[in-house]
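Spelled out, the chains give:
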Amino acid sequence: MARWGLRWKSLLVLVLAGIVASIIAVIMGWFVVSEGRQYSATTYAQSYTELNYQKVLTPMTRELALAQRFANLGSLKAWFQSPGDAELKARALEDTRSFKTAFEDEAIFFVSDKSFEYHYYDSQLPVDGTPRYYMDDSLDVNRWYRLTREQEEPYNINVDLSEYLNKTKIWINVVVRENGEFLGIAGTGFGLGDFIESFATSPQPGVEPFVVNATTGTIEAHANSDLVSVAGIGGSGDGASIFDLVEEADAKAALRKAVDTAKQSDQVETLKLRMRGEDYVLSMRYMPELNWLITTSVNLDEVRLLNTDLIMGVGVVFALLLMIVLVFFGFAVDRLVLQPLRQLQQSAKAISQGSYEVRLPVKYDDEIGDLSRTFNHMAHQVESHTQELEYRVKERTQELEQSHERIKEANRQIGASIDYASLIQRAILPDRQMQQLLGDHHSVMWRPRDIVGGDFYVFHTNDQGCLLGIVDCAGHGVPGALMTMLMRAAIDKAINELGIDDPAKLLYAIDQTVRSMLHEDSSSHDVATNADVGLVYIPKTGDMLRFSGAKIALYASDGESVEKYASSKRALGDRKQGEFENRDLPLAGWTFYMTTDGYLDQAGGEKRFGFGNKRFEKLLVENAQRPLAEQSTRFAQVLDDYMGDLPQRDDITLLSFRFEHVQDDWSA
């Protein structure tokens, strides 16, 4: 089953490949044919438009030139100026007879603006000086004359039905002027039927040449008379516009753009669009002498410029031949390749199941035979490498297990050490003393970033008062915790020497002690060993406190406003020694706060900015009147909400205290 399955699968793949290749070939052939048909239609439309342009230009230019020469005759102008002079009339009529035979239809006309006599002569009407009718400006039928008299152009050309003459012609109206004075109109006309027959005859199905007025878009010559406008210069414009043949708004916009481009160019302008629900290629060439667009439309569905049936037949035959070749190729592949591969596949399966002692038979001295020998060599190599790899994996696994146990033991010891360090650090915090002496008049929020941290707070008392303070050592984790030990020793040393009633002096003394401990001349330039400190001394008598700080400010709020008492801008142990001074402040009516920068710098919110001073000061005002224990809980909750899922950035310490009357509160 596997043998036949592989055979038919391969044959199926080849057949599918042939079908796909045939489909691709047909699609590409159809695309080439379509593009070739469109290219041929475009080229044909451009060439035919250029040919018609020359066919129209040559006779029209000739008729216009003759009409202009006739209108500039001196005898005609003289008679127009003096219509009652018989001698001038005779001269003008004689010249008219000479010009009449030169025109295409031997048609000639003129109108004098003084006599309003309309003269028309052709092959059936000899030049006898008799006017056909008199121009009446009040009649709408003579509106063409009034408009021509008012225009500034030297001539105009239009298709018009003369009601007096009962003739539809292409009329060339040339204005007769002398020194800027309007004297009348002269010109010629030739039959529209002959023009349409010679120009608008379709050379083959799907190709339609026609003429469009470049200003109005009306069709002035077309094989379909229903589309032709028969209005003169003053007519109502019966007939279709070229824009009426296009239904879609985008196509109309493209057509208008092409018309504007053609009017500014002396080349053929071509575009593809849908007219009357079918695809067309439209070419147009502007004739400025007549203000006409010589146009050719090619219907892509009807025109036959390429023999597409022959091309498609060749494509189908090619696809069938390709399918036949692929089928024979499939059988050859099965016979010469697939059958030997099935034999190799069975042996390879045995090797894949771990039977490395199996060797493939070498039956052919060709590529299949080389493949069999390569499989035998591979089986031997795999067997050897597998045994070696198993030994190495076992050895390496033992080493990793031993390393894992050592790492677990080291991690346990480190964790135990850090837990013990946390116990030691908490032991130096004066929570019990503060609770005994201050009670509900204080609260502390202390959050190291890690198990141990670089923040701590201090509390010392004597008979005269107490000292409160917070310290933010550089670093966090174990290095920060070690710095707290050093800073605690420096603070205790300074208090033993100076007492607690002068925070500024204490800061100076602590700064000197830290510098001497850390050898300021060397190590302080390599690592951060500074610390931010804020100290407050509260005497037992009186209603004042004394504050001094090194980069830790003191905040005070009465529930309506908040005051910030700035500290020195330099930390203890900084490269340049800071200047510290005391500030005495009233106690009554205020709740006081000191915080390390871990609270203010904690990132959070939608934009992940730091908590910031403004948000902190607003929080103080909102909670200043609450009990201090409740405030501490509130501050922690607000910070947690602001942080969201972001990690804590630094160690955080926030100390709050409030006394109305120090002596009474302490005694209580």
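Structure shown above.
Residues numbered from 1 in each chain as written. Predicted model: local features only at pLDDT ≥ 70, side-chain atom pairs only at ≥ 80, totals over all residues. Heavy atoms only, no water.

A.B. asks: Describe the overall build of the protein chain, and please don't skip the residues or the numbers.
C.D. replies: Along its length, the protein chain carries 15 helices and 23 strands. Put simply, the protein chain has 668 residues, and 44% of those count as buried. In the protein chain, once contacts between residues fewer than 6 apart in sequence are set aside, the share between residues at least 24 apart is 63%. Surface exposure of the protein chain reaches about 35,400 Å², of which carbon and sulfur atoms provide 53%. (Helix = DSSP H or I, 4+ residues; strand = E, 2+ residues; numbered from the N terminus. Buried < 20%, exposed > 50% of the residue type's maximum accessible area, 1.4 Å probe, protein only. Contact = heavy atoms within 4.5 Å. Areas by Shrake-Rupley, 256 points an atom, 1.4 Å probe, with all protein chains shown as cover.)

A.B. asks: So, the sheet that holds strand β17 (residues 554-557): which residues are in play, and what are the values?
C.D. replies: Strand pairs in the sheet, formed through backbone hydrogen bonds, run parallel or antiparallel to each other. Strand order in the open sheet formed by 5 strands is β12-β23-β20-β17-β18, and the pairing between neighbours is antiparallel. With partners counted over all chains shown, the strands left at the sheet margins are β12 (442-447) and β18 (562-565), one partner each. With strand direction ignored, the average angle separating the axes of adjacent strands in the sheet is 15°. Both β17 and β18 contribute to a ladder of 4 bridges, which runs antiparallel. From the neighbouring strand, Tyr 555 faces β18, where its bridge partner is Lys 564. Contacts from helix α13 (residues 613-623) reach β17, β18, β20 (591-595) and β23 (652-657) within the one sheet, and its direction differs from that of β17 by about 40°. Strands in contact with helix α14 (residues 628-643) are β12, β20 and β23; relative to β12, the strand with the most contacts, it is inclined by about 30°. (Pairing = 2+ DSSP bridges. Axes fitted to C-alpha atoms, helices over the stretch in contact; angles between N-to-C directions.)

A.B. asks: I'd like a rundown of the nonpolar core, residues and numbers included.
C.D. replies: Side chains that are nonpolar tend, in soluble globular proteins, to be buried together. Met 487, Ile 538, Leu 545 and Leu 554 are the most contacted members of the largest nonpolar core, which has 52 residues in total. Among the elements that make up this core, the one with the highest residue count is helix α10 (residues 477-498) (7 residues). With 37 residues, the next largest nonpolar core counts Leu 57, Leu 66, Val 127 and Trp 292 among its residues. (Core = buried A, V, L, I, M, F, W, Y, C linked by side-chain atoms within 4.5 Å.)

A.B. asks: Could you give an account of α10, naming the residues involved and the relevant values?
C.D. replies: Helix length check: α10, at 22 residues, gives a terminal C-alpha distance of 31 Å against a target of 32 Å (1.5 Å per residue), a fit within 8%. Turning to α10, its buried residues number three or more, namely Gly 477, Gly 480, Ala 481, Met 483, Thr 484, Leu 486, Met 487, Ala 490, Ile 491, Ala 494 and Ile 495. Taken from the residues just after α10, Gly 499 is the one with a positive phi, measuring 85°. (Expected span 1.5 Å × (residues − 1).)

A.B. asks: Which residues make up the packing of aromatic side chains, and what values go with them?
C.D. replies: Inspection of every chain in the model, using the stated rule, returns 20 aromatic pairs. Where Phe 70 meets Phe 99, the ring centres are 5.7 Å apart and the plane angle is 55°; that geometry is what we call tilted. Of the two residues, Phe 70 is situated in helix α1 (residues 2-71) and Phe 99 in helix α3 (residues 86-100); the sequence distance between them amounts to 29 residues. An angle of 85° between the planes, with centres 5.7 Å apart, marks the rings of Phe 109 and Trp 171 as edge-to-face. With Phe 109 in strand β1 (residues 108-112) and Trp 171 in strand β5 (residues 167-178), the pair connects residues that are 62 residues apart, well separated along the chain. Owing to a relative accessible area of 1%, Phe 109 belongs among the buried residues under this scheme. An aromatic cluster is defined as three or more aromatic residues linked by ring pairs; in this entry it consists of Phe 70, Trp 79, Phe 80, Phe 99, Phe 110 and Tyr 121. The cationic tip of Arg 256 hangs over the ring face of Phe 243; the distance from NZ or CZ to the ring centre is 4.1 Å. Looking at Arg 285, its charged tip hangs above the ring of Tyr 53, at a distance of 3.9 Å from the centre. (Phe/Tyr/Trp six-rings, centres within 6.5 Å; stacked < 30°, edge-to-face > 60°. Lys NZ or Arg CZ within 6 Å of the ring centre and 35° of its normal.)

Everything listed here is a matter of coordinates, which is why it stays silent on function.
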